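# Summary of the model geometry
What follows is each chain in one-letter form.
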Amino acid sequence: MKLHRKTRLTALFAVTAAGALALSACGSDDNTGTGSSTGTGESSAAAAGIDCKGSGELRASGSSAQKNAIDQWVNEFQAACKDITVNYQATGSGAGIQTFLQGNTGFAGSDSALKPEEVEQSKKVCTNGQAINIPMLGGPIAVGYHVEGVDGLVLDADTMAKIFNGKITNWNDDAIKKLNPDADLPDLKIQPVSRSDESGTTDNFTKYLAAAAPESWTYEPAKKWPVKGGQSADGSSGVSAQVKQTDGAISYFELSYAAANGIDTAKLDTGASTPVEATSANASNAISAAKITGTGGDLAMELDYTTKAEGAYPITLLTYEIACDKGNKADTLDAVKSFLGYTASEKGQSVLNQLGYAPLPAEVAAKVRSTVASLS
């Protein structure tokens, strides 16, 4: 079962190519920021589709799921906007939101929409306004595993729920054998690895398990992993590293981390005619059916975790940038609008596929650009 080898190598090549492009952009001596009076800086920013406004340091933190995309965006943005330094810390969605609500960052990244109590709390830092959810990218939450000699693993929601809640403990369990009749499954202990920090990735993964396997997964969806015991690690980088070095391990993290670390990912038996692979295109198929549930400038969206549509990968997340609709900090407002305006632009969204993410549907991206432009 070698079906993932080609896909993984293609993804790795894409990430390498993206990194090379980013380094090339950073190394350019011809770009200058808007603060410069030279025509070269203005033309390079215009060519990149970036409206460079503001100056100084723009601090942000939150979602580790979007870190690889943020790194690429920051490289390209700062190559054009020399007067702005974007400092994004991948602390996890929960920590990022709390830092924003304390007034310490220009925006936060979160893999799940704000809770009502968080919106209420935000009114203390958003003068005459409140925090809103601005979707910026999507992507599959890959179920990565490390089992020597096993590629192309297939799992369904019920079996996955029993693996992660400790009911299925060995890789040669009959339930896994039934889904993988041609695999040489070893007599090896399964070692689930969860996130130790509060995470929007965990929130979305547990939403999937609760919706698709309600009889086997009885925990409420949450940012904090609900099952006691087992291995855990901090951030997507931590859990993916743990899987890579541990034979028998399995965990959940964004596809880009699987690609970067050469980790095999499971296909999902959703009830469609064939198991669905974790790819950007299949995540886009799921996101295209999502509905906007927010009102006004808030663009929170609802995903269907139980879809059986052909080629729709249901364990998909949307990462939101959290900002004030009104009352943003005066010293960083222009930089926030410039940076998020770029990330939501056609050019900004165009880098996502090659990094293992799913760009926003065109109609959603247009609404995002309008919302970003209206921030005050």
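The structure displayed is predicted, hence computed values, not measured ones. All residue numbers here refer to positions counted from 1 along the written sequence of the relevant chain. Residue-level local features of this predicted model are given only where pLDDT is at least 70; pairs of side-chain atoms are given and counted only at 80 or more, and the full residue set underlies all totals for whole chains, interfaces and linings. Hydrogens and water molecules were not included; the side-chain quantities draw on all heavy atoms of the structure.

## Overview of the overall build of the protein
Filter applied, for reference: Strands are runs of DSSP state E lasting at least 2 residues, helices are runs of H or I lasting at least 4, and numbering of each runs from the N terminus. Exposure classes here rest on a 1.4 Å probe applied to the protein chains alone. A residue is buried below 20% of its type maximum, exposed above 50%, and partly exposed in between. Contacts between residues were defined by any pair of non-hydrogen atoms, one from each residue, lying within 4.5 Å.
Scanning the protein for helices and strands turns up 14 helices and 13 strands. Out of the 376 residues belonging to the protein, those deemed buried represent 54%. When contacts within the protein are restricted to residue pairs at least 6 apart in sequence, those whose partners lie at least 24 apart make up 75%.

## What to know about the state of the cysteines
Stated formally: Pairs of cysteine sulfur atoms within 2.5 Å are identified as disulfides in what follows.
Under the defined criterion, the tally for this structure stands at 2 disulfides. Between the sulfur of Cys52 and that of Cys81 lies a disulfide, 1.9 Å long from S to S. When the S-S torsion is -80°, as for the bridge of Cys52 with Cys81, the disulfide is left-handed. Of the two residues, Cys52 sits in the loop between helix 2 (39-47) and strand 1 (56-62) while Cys81 sits in the loop between helix 3 (67-80) and strand 2 (84-89), which places them 29 residues apart along the sequence.

## Things to note about the nonpolar core
How we decide: Among the buried residues, those of types Ala, Val, Leu, Ile, Met, Phe, Trp, Tyr and Cys that are joined through side-chain atoms within 4.5 Å form a nonpolar core.
Residues Trp73, Met160, Phe164 and Phe339 are the most contacted members of the largest nonpolar core, which totals 104 residues. It is strand 4 (residues 131-145) that provides the largest number of residues to this core, a total of 9 residues. Filtering out sequence-adjacent residues up to four positions away, Met160 remains in contact with Val143, Leu155, Phe205, Tyr208, Leu209, Leu268 and Ile315.

## Thoughts on the environment of Val372
With respect to the secondary-structure elements, Val372 resides in helix 14 (residues 362-374). Along the primary structure Val372 and Gly297 are separated by 75 residues, whereas in three dimensions their C-alpha atoms are 8.9 Å apart. Discounting residues that sit within four places of it in the chain, Val372 has contacts with Ile134, Lys337, Leu340 and Gly341.

## Some words on the pattern of salt bridges
Side-chain pairs of opposite charge can arise whenever the charged atoms involved come near each other. The following threshold applies: Salt bridges are defined as contacts in which a side-chain nitrogen from Lys or Arg sits within 4 Å of a carboxyl oxygen from Asp or Glu.
By the definition in use, this model includes 7 salt bridges. With a shortest N-O distance of 3.8 Å, Lys223 and Glu118 are connected by a salt bridge. One end of the pair, Lys223, is in the loop between helix 8 (200-212) and strand 7 (231-233); the other, Glu118, is in helix 5 (residues 116-122), with 105 residues separating them in the sequence. By the burial criterion, Lys223 is buried, and Glu118 matches it.

## Re helix 4 (residues 93-101)
It helps to recall that an α-helix has 3.6 residues per turn; residues three or four apart then point in one direction. Stated precisely, the cut-off is as follows: By construction, the arc corresponds to the directions joining the helix axis to the C-beta atoms.
If you check which residues of helix 4 are buried, you get Ser93, Gly94, Gly96, Ile97, Phe100 and Leu101. Seen end-on, helix 4 carries its buried residues on one side only, within an arc spanning 165°. Contacts made by the buried residues of helix 4 are with strand 1, strand 3 (107-110), helix 5, strand 4, helix 8 and strand 13 (316-324).

## Considerations on the packing of helix 3 against helix 12 (residues 333-343)
Just so we agree on the cut-off: Fitting a line to C-alpha atoms yields each axis, with helices limited to the stretch in contact; the angle taken between N-to-C directions then spans 0 to 180 degrees. Handedness of each helix crossing follows the sense of rotation of the near helix against the far helix: counterclockwise by less than a right angle gives left-handed, clockwise gives right-handed. Ten residues, namely Ala, Val, Leu, Ile, Met, Phe, Trp, Tyr, Cys and Pro, are considered nonpolar, four, namely Asp, Glu, Lys and Arg, are considered charged, and the remaining ones, Gly among them, are considered polar.
At a minimum axis separation of 10 Å, helix 3 and helix 12 run at an interaxial angle of 115°. Pair helix 3 / helix 12 crosses with right-handed handedness. From helix 3, Ile70, Trp73, Val74, Glu76 and Phe77 reach across to helix 12, where they touch Ser338, Phe339, Tyr342 and Thr343. Of the residues belonging to the contact of helix 3 with helix 12, the class tally is 6 nonpolar, 2 polar and 1 charged.

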